[in-house]
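An overview of the molecular structure
The primary structure of each chain is shown beneath.
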Amino acid sequence: MIEIKNIDIEESWQQKLKQEFSKEYFLNLKKFLIEEKQKHIIFPKESEIFSAFNLCSFDKVKLVILGQDPYHGQAQAHGLCFSVPKGIKTPPSLVNIFKELKQDINFQIPNHGNLEAWAKQGVFLLNATLTVRANTAGSHQNKGWEIFTDNLIQILNQEKSNLVFLLWGKYAAAKEKLIDQNKHLVLKAAHPSPLSAYKGFFGCKHFSQANKYLEKHKIEPINWKL
């Protein structure tokens, strides 16, 4: 499924992550994915596994939103956490993200759930696990992707300054330990899913807080409009 020599990933990320692609855990992950593809439908499609990287180069990253794994429904996942292609119904968690944006910054809720415009401005929309078996949530967890994404979070932490990390829910919050909060801003809240959004996601004002931090450090803020 993934040819190590020809990973379709933007050049600056290729340089930062090239050592990861030759490590034993990643080679084992590759074997798993090849076997999975022979038996099952995998999301997102192969050309979109690294969309978050290809739309937001290493140098452009200003803000990281961390998801857990891709949507497992037909045509939903396209390589950006929480995002879906235009024409696909906006998922419940993203509906709640839009509600919070409206409350926080008077955001105009769009008629689609495609977040590519954010990615192109420097919002790195990273899932901890980059693939999933169709209709089987969490099916590619603990196969190596988390090692890969933890290591790249550490690279971002070490090599960049004044990033904003939005960590929603317990799973994302656990990544806090990878981040030096003397160098970066970490904002935590409940997950935006319908089960937990009312327990601290609504009212978190992360989007305005993130932009205030970026502006304070002379970094162009995010235009959240879609």
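Fair warning: this is a prediction, and the values are worked out from it, not measured in the lab. (Residues numbered from 1 in each chain as written. Predicted model: local features only at pLDDT ≥ 70, side-chain atom pairs only at ≥ 80, totals over all residues. Heavy atoms only, no water.)

Side note on the packing of helix H4 (residues 92-105) against helix H8 (residues 206-216)
At their nearest, the axes of H4 and H8 sit 8 Å apart, and the two run at 60° to each other. In terms of axis orientation, H4 runs oblique to H8. Contacts between H4 and H8 involve Ile97, Glu100, Leu101, Asp104 and Ile105 on the former and, on the latter, His206, Phe207 and Ser208. (Axes fitted to C-alpha atoms, helices over the stretch in contact; angles between N-to-C directions. Helix = DSSP H or I, 4+ residues; strand = E, 2+ residues; numbered from the N terminus. Parallel < 35°, antiparallel > 145°, perpendicular 65-115°, else oblique. Contact = heavy atoms within 4.5 Å.)

Description of the pattern of salt bridges
Per the counting criterion, the structure on display carries six salt bridges. One salt bridge connects Glu46 with Lys37, and the closest N-O pair in it is separated by 3.0 Å. A salt bridge links Glu176 to Lys188, with the shortest nitrogen-to-oxygen separation between them at 2.9 Å. Of this pair, Glu176 sits in the loop between helix H7 (169-173) and strand S6 (185-189) while Lys188 sits in strand S6, placing them twelve residues apart in sequence. (Salt bridge = Lys/Arg side-chain N within 4 Å of Asp/Glu carboxyl O.)

Some thoughts on the packing of helix H1 (residues 11-21) against helix H6 (residues 145-159)
One way to put it is that H1 packs onto H6 with a least axis distance of 11 Å and a crossing angle of 135°. Overall, the two elements H1 and H6 adopt an arrangement that is oblique. Judged by the twist between their axes, the crossing of H1 over H6 is right-handed. Of the residues in H6, those in contact with Trp13, Lys16, Leu17, Glu20 and Phe21 of H1 are Phe148, Asn151, Leu152, Ile155, Leu156 and Glu159. Tallied by class, residues from the contact of H1 with H6 come to seven nonpolar, one polar and three charged. (Left-handed = near helix turned anticlockwise from the far one by under 90°. Nonpolar A, V, L, I, M, F, W, Y, C, P; charged D, E, K, R; others polar.)

Quick word on the packing of aromatic side chains
Applying the stated criterion across every chain, the model contains 22 aromatic pairs. For the pair Phe50 and Phe53, a centre-to-centre distance of 5.5 Å together with 70° between the ring planes defines the contact as edge-to-face. When its relative accessible area of 1% is taken as the criterion, Phe53 is described as buried. One aromatic cluster in this structure is built from Trp13, Phe21, Tyr25, Phe26, Phe50, Phe53, Phe58, Phe124, Trp145 and Phe148. The lysine or arginine in question, Lys160, covers the ring of Phe58, its NZ or CZ lying 5.2 Å from the ring centre. (Phe/Tyr/Trp six-rings, centres within 6.5 Å; stacked < 30°, edge-to-face > 60°. Buried < 20%, exposed > 50% of the residue type's maximum accessible area, 1.4 Å probe, protein only. Lys NZ or Arg CZ within 6 Å of the ring centre and 35° of its normal.)

Description of the sheet that holds S6
Here four strands make up an open sheet; going across it, the order is S3-S2-S5-S6 and the pairing parallel. Since the sheet does not close on itself, it has two edges, and those belong to strand S3 (123-127) and S6, each with one partner. The mean angle between the axes of side-by-side strands here comes to 20°, regardless of whether they run parallel or antiparallel. Here four bridges tie strand S2 (residues 63-67) to strand S5 (residues 164-168), and the two strands are oriented parallel to one another. Paired with Ile65 across the strands is Leu166, a residue of S5. (Pairing = 2+ DSSP bridges.)

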